[in-house]
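# Per-entry structural report
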Amino acid sequence: MAVALKLSDELVEDAKSYAAAEHRSVPKQIEYWARIGKAVLENPELPLRLIQDTILSREEVKAGLATPYQLG
């Protein structure tokens with residue numbers, strides 16, 4: 001469900017450069033930051049890099065880019 005939000009000009013401007021570097025739209029960049037922030041708050045004992053890698057891995061699975069690990 002899409003919802004219109006009022007965001008500060010400063011946040012939107014900050015998001016533009018990050019969005020360009022990460023090949024995302026500005027709204028998707030802000031959504032990504034929100035997801036990271038939520039995950040950090042829910043898991044304060046985990047390092048940020050682990051949280052970022054976990055989110056990336058989940059997206060790779062959704063996109064069909066992951067292969068099952070074979071033990072042994």
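The following refers to the structure shown. (Residues numbered from 1 in each chain as written. Predicted model: local features only at pLDDT ≥ 70, side-chain atom pairs only at ≥ 80, totals over all residues. Heavy atoms only, no water.)

### Structural notes on helix 3 (residues 48–62)
When the terminal C-alpha atoms of helix 3 are compared, their 21 Å separation across 15 residues agrees well with the 21 Å that a helix rising 1.5 Å per residue should span. Within helix 3 the residues assigned to the buried category are Ile-51, Gln-52 and Ile-55. Projection of helix 3 onto a plane perpendicular to its axis shows the buried side chains occupying an angular sector of 100 degrees, all on one side. In helix 3, the exposed positions angled more than 90 degrees off the buried face are occupied by Arg-49 and Val-61. Contacts made by the buried residues of helix 3 are with helix 2 (26–42). A positive backbone phi angle near 75 degrees is found at Gly-64, which sits one or two residues after helix 3. (Helix = DSSP H or I, 4+ residues; strand = E, 2+ residues; numbered from the N terminus. Expected span 1.5 Å × (residues − 1). Buried < 20%, exposed > 50% of the residue type's maximum accessible area, 1.4 Å probe, protein only. Arc of directions from axis to C-beta. Contact = heavy atoms within 4.5 Å.)

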